[in-house]
Amino acid sequence: MAGRQLASKWLKTEALLTDPQVAPYIPATQSYGGDTLVSMLAEHEMVVIKPIIGTGGNGVIRIQKDGTGYLVTHKRRTVQVDTLNSLLYVLSRMRLRRRYMIQQGIHLARIQGRPLDYRVKVVKDRGRWEFRAMLGRLASPGLFVTNICKGGTLLRCGPALRLSLPHINAREKRNEMRQLTRQCITILESRFPGIGELGFDYGLDTEGKIWILEVNTRPS
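Before going into details, it helps to say that this report is about the structure given with it. No experiment lies behind these values; they were computed from the predicted model shown.

The rules behind each value
Residues numbered from 1 in each chain as written. Predicted model: local features only at pLDDT ≥ 70, side-chain atom pairs only at ≥ 80, totals over all residues. Heavy atoms only, no water. Buried < 20%, exposed > 50% of the residue type's maximum accessible area, 1.4 Å probe, protein only. Helix = DSSP H or I, 4+ residues; strand = E, 2+ residues; numbered from the N terminus. Arc of directions from axis to C-beta. Contact = heavy atoms within 4.5 Å. Pairing = 2+ DSSP bridges. Axes fitted to C-alpha atoms, helices over the stretch in contact; angles between N-to-C directions. Parallel < 35°, antiparallel > 145°, perpendicular 65-115°, else oblique. Left-handed = near helix turned anticlockwise from the far one by under 90°. Nonpolar A, V, L, I, M, F, W, Y, C, P; charged D, E, K, R; others polar. Core = buried A, V, L, I, M, F, W, Y, C linked by side-chain atoms within 4.5 Å. Phe/Tyr/Trp six-rings, centres within 6.5 Å; stacked < 30°, edge-to-face > 60°. Lys NZ or Arg CZ within 6 Å of the ring centre and 35° of its normal.

### Quick word on helix 3 (residues 84-93)
A turn of α-helix holds 3.6 residues, and therefore any two residues three or four places apart point the same way. Every buried residue of helix 3 is listed here: Leu87, Val90 and Leu91. For helix 3, the arc enclosing every buried residue in end-on projection is 95°, short of the 170-degree limit, so these residues lie on one face. Within helix 3, the exposed residues directed more than 90 degrees away from the buried face are Asn85 and Arg93. Buried positions along helix 3 lie against helix 2 (34-43), strand 2 (46-51), strand 3 (61-66), strand 4 (69-74) and strand 5 (77-81).

### Some points on the pairing of strand 12 (residues 210-216)
Within strand 12, seven of the seven residues are buried, which leaves the element mostly enclosed by the surrounding structure. Strand direction decides the pairing type here: strand 11 (residues 197-204) and strand 12, joined by six bridges, are antiparallel. In the sheet register, Asp201 faces strand 12, and the bridge partner there is Glu214. Hairpin remark: strand 11 followed by strand 12, antiparallel, with five residues in the connecting loop; positive phi at Gly208, about 95°.

### Quick word on the packing of helix 2 against helix 3
Where helix 2 contacts helix 3, the axes come no closer than 12 Å and their chain directions differ by 130°. By the criterion of interaxial angle, the relationship of helix 2 to helix 3 is oblique. Seen from above, helix 2 lies across helix 3 with right-handed handedness. Mapping the contact onto sequence places Gly34, Leu37, Val38 and Leu41 in helix 2 and Leu84, Leu87, Leu88 and Leu91 in helix 3. The residue inventory of the contact of helix 2 with helix 3, partitioned by class, reads seven nonpolar, one polar and no charged.

### What about the nonpolar core?
Among the nonpolar cores identified, the biggest contains 34 residues, and Leu16, Tyr118, Met177, Leu188, Phe200, Tyr202 and Ile212 are the most heavily contacted of them. Contributions of two or more residues to this core are made by helix 1 (9-17), strand 8 (114-125), strand 9 (128-138), helix 4 (157-164), helix 5 (170-191), strand 11 and strand 12. When near neighbours in sequence (up to four residues on either side) are disregarded, Leu16 contacts Val22, Ala23, Ile26, Cys184, Ile187, Leu188, Ile212 and Val215. Core analysis: the next-biggest nonpolar cluster, separate from the first, contains 15 residues, Leu37, Val47, Val72 and Val81 among them.

### Details of helix 4
What helix 4 keeps buried is the set Cys157, Gly158, Ala160, Leu161 and Ser164. Taken end-on, helix 4 shows its buried residues confined to a sector of 165°, consistent with a single buried face. Across from the buried face of helix 4, at angles greater than 90 degrees, the exposed residues are Arg162 and Leu163. In the core, the buried residues of helix 4 are packed alongside strand 7 (110-111), strand 8, strand 9, strand 10 (153-156), helix 5 and strand 11.

### Here we look at the packing of aromatic side chains
Summed over the entire model, instances satisfying the criterion amount to one aromatic pair. Between the aromatic rings of Phe200 and Tyr202, the centroid separation amounts to 5.9 Å while the plane-to-plane angle is 5°, which identifies the pairing as stacked. In this pair, the class of Phe200 matches that of Tyr202, namely buried. Here Lys209 stacks its cationic end above the ring of Tyr25, 5.3 Å away from the centre of that ring.

### Comments concerning the packing of helix 1 against helix 5
Running from amino to carboxyl end, helix 1 crosses helix 5 at an angle of 115°, the nearest separation of the two axes being 9 Å. Relative to helix 5, helix 1 is oriented so that their crossing is right-handed. Only Cys184, Ile187, Leu188 and Arg191 of helix 5 make contact with helix 1, whose side of the interface consists of Lys12, Ala15 and Leu16.

### Side note on the pairing of strand 8
Along strand 8, nine of the 12 residues are buried, which leaves the element largely enclosed by surrounding structure. As judged from the two bridges shared by strand 7 and strand 8, these two strands associate in the antiparallel manner. Within strand 8, the position partnered with Arg110 by the bridge is Pro115. Between strand 7 and strand 8, which follow one another and run antiparallel, lie two residues, and Gln112 among them has a positive phi close to 50°. Where strand 8 meets strand 9, 10 bridges bridge the pair, whose relative direction is antiparallel. Bridge pairing in strand 9 links Val123 to Glu130. Between strand 8 and strand 9, which pair antiparallel in sequence order, lie two residues; one of them, Arg126, sits at a positive phi of approximately 50°. By the bridge criterion, seven bridges tie strand 8 to strand 11 in an arrangement that is antiparallel. Counted as the bridge partner of Val122 is Leu198 from strand 11.

Written out as structure tokens, the structure reads:
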């Protein structure tokens, strides 16, 4: 049984930020607006704008500083702009009609130049939470989103860790992800009683640090 659904990424992120042990795993996140975009770009070299309610990597936009300007990537298309005003204009043309959030961009570890993240799926069965899947998701060539519906490739967790970060202990990282998942389940279940299924999207940066990118209550 799937249990309670909770579409808002913002509410789930907010709940996890209340825990001082989990908060350091969460990239800086704010509600999207022109002012927050400017302040986030002042602080971070890269940011990602994503719909608060949305799945499958749809509507996700990446902005990277590039010298004195910015690179705006949406799907497979990248546009270069020179000023903040030009950037805001380009984003206004994209007609971001839904509510969006803006998140610190993470330089994900890669395999053959393609970024990857990890989906950890847990299900509550007869009162106990069980791990059902721990898989790497490798982005389709030319994309920065890893979603399978966008052409991403599923990989077993251990080999994905070893191929992308050969200098780290893959077993220890996998155990850290499992432990973090258990901590997050406790927080989310106390805040949102009735949830019965969760999908955690974790990113590992080039140093091997784990980041919680997103939590889904309807994981595919």
